[in-house]
Amino acid sequence: AANAALQIRYLAERGHTRIAMGMTDREYPLTGVRLGFAQEAARRLGLPPLERFVVPRPRQAGTAAVETFLAAHSDVTALAAFDDDIALRALTALRDLGLRVPEDVAVIGFDETEYGSLSTPALTTVHIDAEILGRIAARNALGIDPGALSPPPGRIVARASA
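Note that the structure is predicted; figures quoted are calculated from it, not measured.

Focus: the overall build of the chain
Inference 1: A tally of regular secondary structure across the chain gives 6 helices and 6 strands.
Inference 2: Helices and strands in the chain line up, N terminus first, as α-β-α-β-α-β-α-β-α-β-α-β.
Inference 3: In terms of overall dimensions, the chain is globule-like: its C-alpha atoms have a radius of gyration of 16 Å, near the 15 Å expected for 162 residues.
Inference 4: Expressed as a percentage of the 162 residues in the chain, the buried residues total 43%.
Inference 5: Taking the contacts inside the chain whose residues are at least 6 apart along the sequence as the reference set, 73% of them involve residues at least 24 apart.
Inference 6: A total of about 8400 Å² of accessible surface is found on the chain, and carbon and sulfur atoms cover 56% of it.
Inference 7: Computed over 17 positive and 19 negative side-chain charges, the separation of the two mean positions in the chain equals 2 Å.

Here you go:
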């Protein structure tokens, strides 16, 4: 919950009030949960509900989707992506459309993959300890007490995109 809220809080602290949530076109168990936590964070910060849209593959489809979305939601100034992959697709689409990141639209990812540090501009993202979260989930699924395992809080990896 707190990790999903990090993205929204980070953007709000930088003055963004109209934030969109870039989502995958596949439904994962965490898709709805993450979106719900992000929406709750926006509500608690006094922001309007997050607009949700999909950034599909391949590149041309992603660019077309971002162009269509921004044409219908011209007040959106920031994109919080479900993961770094979607954030990087959004960065590429924005660049293809001639928009500047973060000046025109800020972008923040989630999961801190290596590729985010290699993009231009480098991707601001949320770092989580996925290994510990996976161990806890596996133990819970097997009915084993997770014991002393507890994930450290997520943190923002601030780079140039937001």
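Some details on the packing of aromatic side chains
Inference 1: Under the defined criterion, the tally for this structure stands at 1 aromatic pair.
Inference 2: Both rings, one in Phe53 and one in Phe69, keep their centres 4.0 Å apart while their planes meet at 10 degrees; by these two values the pair is stacked. Of this pair, Phe53 sits in strand E2 (residues 51-54) while Phe69 sits in helix H3 (residues 59-72), and the two are 16 residues apart along the sequence.
Inference 3: Given a relative accessible area of 10%, Phe53 falls into the buried group.
Inference 4: You can call Phe69 buried: its relative accessible area is 7%.
Inference 5: Above the ring of Phe82, the side-chain terminus of Arg34 is found at 4.4 Å from the ring centroid.

Some words on unusual backbone geometry
Inference 1: With an omega of -10 degrees, the peptide bond between Arg57 and Pro58 qualifies as cis.
Inference 2: Mapped onto the elements, Pro58 comes out in the loop between E2 and H3.
Inference 3: Here the residue pair Val101 and Pro102 is connected by a cis peptide bond, since its omega of 10 degrees sits within 30 degrees of zero.
Inference 4: Mapped onto the secondary structure, Pro102 falls in the loop between helix H4 (84-96) and strand E4 (106-108).
Inference 5: If you check the backbone angles, Asp111 has positive phi at about 110 degrees while not being a glycine.
Inference 6: Turning to its location among the elements, Asp111 is positioned in the loop between E4 and helix H5 (114-118).
Inference 7: Residue classification places Asp111 among the partly exposed positions, given a relative accessible area of 31%.
Inference 8: Positive phi values are uncommon outside glycine, yet Glu112 reaches one of about 45 degrees.
Inference 9: Residue position: Glu112 is located in the loop between E4 and H5.

The rules behind these values
Residues numbered from 1 in each chain as written. Predicted model: local features only at pLDDT ≥ 70, side-chain atom pairs only at ≥ 80, totals over all residues. Heavy atoms only, no water. Helix = DSSP H or I, 4+ residues; strand = E, 2+ residues; numbered from the N terminus. Rg over C-alpha atoms; globule rule 2.2 N^0.38 Å. Buried < 20%, exposed > 50% of the residue type's maximum accessible area, 1.4 Å probe, protein only. Contact = heavy atoms within 4.5 Å. Areas by Shrake-Rupley, 256 points an atom, 1.4 Å probe, with all protein chains shown as cover. Lys, Arg positive; Asp, Glu negative; His and termini not counted. Charge placed at Lys NZ, Arg CZ, Asp CG, Glu CD. Phe/Tyr/Trp six-rings, centres within 6.5 Å; stacked < 30°, edge-to-face > 60°. Lys NZ or Arg CZ within 6 Å of the ring centre and 35° of its normal.

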